[in-house]
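# Examining the three-dimensional arrangement
Chain residues, written in single-letter form:
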Amino acid sequence: AAAAAATAARMAMSDSSINSGSPATTIFPDKKGPIQDSEQINVDEWNQLAMQDVSDGRFESAIQRFNRVLAWQRSEHGPVHPAVASAYHNLGTVHAKLASTLPDDSVGAQQAQQLALQSFQAAARTARDSLSPQHPNVAVSLVRIGFLLLQSKQYENAVITFQEALRIRKLAYGPKHALVANLYNNLGVCQMHLGEFESARQALDQALEIQRTNLEKAQKKDGSYWSMSLEVADTLFNIGGLCLEWIRKRGPDIRRAQDAERAFSEA
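Calculation criteria
Residues numbered from 1 in each chain as written. Predicted model: local features only at pLDDT ≥ 70, side-chain atom pairs only at ≥ 80, totals over all residues. Heavy atoms only, no water. Helix = DSSP H or I, 4+ residues; strand = E, 2+ residues; numbered from the N terminus. Buried < 20%, exposed > 50% of the residue type's maximum accessible area, 1.4 Å probe, protein only. Contact = heavy atoms within 4.5 Å. Areas by Shrake-Rupley, 256 points an atom, 1.4 Å probe, with all protein chains shown as cover. Axes fitted to C-alpha atoms, helices over the stretch in contact; angles between N-to-C directions. Parallel < 35°, antiparallel > 145°, perpendicular 65-115°, else oblique. Left-handed = near helix turned anticlockwise from the far one by under 90°. Nonpolar A, V, L, I, M, F, W, Y, C, P; charged D, E, K, R; others polar. Salt bridge = Lys/Arg side-chain N within 4 Å of Asp/Glu carboxyl O. Core = buried A, V, L, I, M, F, W, Y, C linked by side-chain atoms within 4.5 Å. Expected span 1.5 Å × (residues − 1). Phe/Tyr/Trp six-rings, centres within 6.5 Å; stacked < 30°, edge-to-face > 60°. Lys NZ or Arg CZ within 6 Å of the ring centre and 35° of its normal. pLDDT = per-residue confidence, 0-100.

In terms of regular secondary structure, the protein is built from 11 helices and zero strands. Ordered by position in the sequence, the α and β elements of the protein form the string α-α-α-α-α-α-α-α-α-α-α. Relative to its 267 residues, the protein shows a buried fraction of 49%. Sequence-distant contacts, at least 24 apart, represent 69% of the contacts inside the protein between residues at least 6 apart. Accessible surface, the protein: about 13,100 Å² in total, of which carbon and sulfur atoms supply 50%.

Right, let's get into the packing of helix α8 (residues 178–193) against helix α10 (residues 224–250). Relative to each other, α8 and α10 sit at 15°, their axes nearing to 11 Å. In terms of orientation, α8 and α10 fall into the roughly parallel class. Pair α8 / α10 crosses with left-handed handedness. When α8 is examined against α10, the residues Asn182, Asn185, Val189 and Met192 are found in contact with a partner set consisting of Glu231, Thr235, Asn238, Gly241, Leu242 and Glu245. Broken down by class, the residue content of the contact of α8 with α10 amounts to three nonpolar, five polar and two charged.

Moving on, we get to the pattern of salt bridges. Counted according to the given criterion, the structure contains 13 salt bridges. Between lysine 249 and glutamate 245 there is a salt bridge whose closest N-O contact spans 3.5 Å. Placement of the pair is lysine 249 and glutamate 245 together in helix α10, with a separation of four residues, close to one helical turn. For lysine 249, a relative accessible area of 49% corresponds to the partly exposed category.

With that settled, the discussion passes to the nonpolar core. Counting residues in each nonpolar core, the largest one holds 49 residues, and the members touching the most others are Leu142, Ile145, Tyr184 and Leu242. The set of elements that each furnish at least two residues to this core consists of α4 (82–100), α5 (107–130), α6 (136–151), α7 (155–173), α8, α9 (197–217), α10 and α11 (254–266). Not counting chain neighbours up to four residues away, the residues in contact with tyrosine 184 comprise Leu166, Lys170, Ala203, Leu204, Gln206, Ala207 and Ile210. Grouped together as the second largest cluster of nonpolar side chains are 12 residues, Ala50, Leu91, Ala99 and Ala112 included.

Moving on to unusual backbone geometry. The backbone phi angle of lysine 153 is positive, close to 65°, even though this residue is not glycine. Along the chain, lysine 153 falls in the loop between α6 and α7.

Compared with the 22 Å implied by 1.5 Å per residue over 16 residues, the 23 Å span of α6 between its first and last C-alpha is a close match. Counting buried residues in α6 gives 13 out of 16 residues, a clear majority hidden from the surface. Once α6 ends, the next one or two residues include lysine 153, with phi positive near 65°.

Scanning all chains against the criterion turns up three aromatic pairs. Seen in terms of ring centroids, phenylalanine 197 and tryptophan 246 are 5.5 Å apart; in terms of plane orientation they differ by 20°. Their pairing is stacked. Here phenylalanine 197, found in helix α9, pairs with tryptophan 246, found in helix α10; they are 49 residues apart in sequence, far enough to count as distant. Owing to a relative accessible area of 2%, phenylalanine 197 belongs among the buried residues under this scheme. Its guanidinium or amino end placed over the ring of tryptophan 46, arginine 65 lies 5.8 Å from that ring's centre, counting from NZ or CZ. Between arginine 256 and the ring centre of tryptophan 246, over which it is positioned, the NZ or CZ distance is 3.6 Å.

This paragraph deals with the side chain of glutamine 191. Tracing the sequence through the fold places glutamine 191 in helix α8. Those residues in contact with glutamine 191 that sit more than four places away from it in its chain are Val159, Glu196, Ser199, Ala200 and Ala203.

When pLDDT is averaged along the protein, the result is 87, and 85% of the positions lie at 70 or above. Within the model, pLDDT remains below 50 along residues 16–38, and this stretch shows 72 contacts once partners closer than five positions in the same chain are excluded.

Here it is in structure tokens:
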């Protein structure tokens with residue numbers, strides 16, 4: 001079951017990459033009012049430098065650069081603007097990456113996760129207010145919030161967050177999109193942890209159906225074919241883990257055991 005949760009969490013990370021347009025952080029600038037001329041920066045250059053810092057594992061340096069970009073974006077555009085939302089989201093991504101490098105129960109990891117959560121919440125609010133409540137960018141930050149809630153075992157709040165992201169993505173992309181499947185997968189894992197096994201299986205089956213359909217349409221020569229195959233395997237692995245957890249909580253069940261065996265074998 002723990003492995004199943006880890007699989008879904010990894011999928012939630014798949015659409016959370018840093019946006020080179022305008023990154024940011026949760027250490028909000030103390031200065032109010034416009035940045036002085038001497039403080040003007042080349043945003044694209046600073047974004048690229050910060051992303052290179054992230055690639056090299058220099059998270060503190062990336063956070064400092066992204067904070068500077070955030071301060072500039074807020075000064076240039078005001079607090080409610082898509083570029084500011086993107087900046088908040090990018091900083092949340094760096095805090096989350098930093099947390100993943102630290103021991104799970106350490107104070108540093110908990111602080112980084114809290115800063116990441118605050119950043120993504122600010123990103124979601126700003127995107128909602130500057131774009132629209134239905135905009136896909138809102139869902140991107142909601143997914144990251146749900147992932148952090150899943151990590152911290154706040155399963156009920158994670159379910160609510162993933163459901164809202166799912167609603168937005170179904171409107172934006174249609175019900176059969178790969179990003180919709182990922183959310184069904186993550187929902188299923190959260191519901192498994194809550195002991196809602198029937199709902200969890202339904203969500204995972206929906207994810208698998210979408211992924212199988214999309215895989216059938218793809219060609220093996222396409223670059224996405226093998227990554228799509230791995231997504232199918234991830235979902236099958238989660239189904240197997242769900243069946244085992246179902247047995248562990250509710251007692252022996254031949255059918256569940258057979259389902260787990262089939263899912264793991266195909267994965």
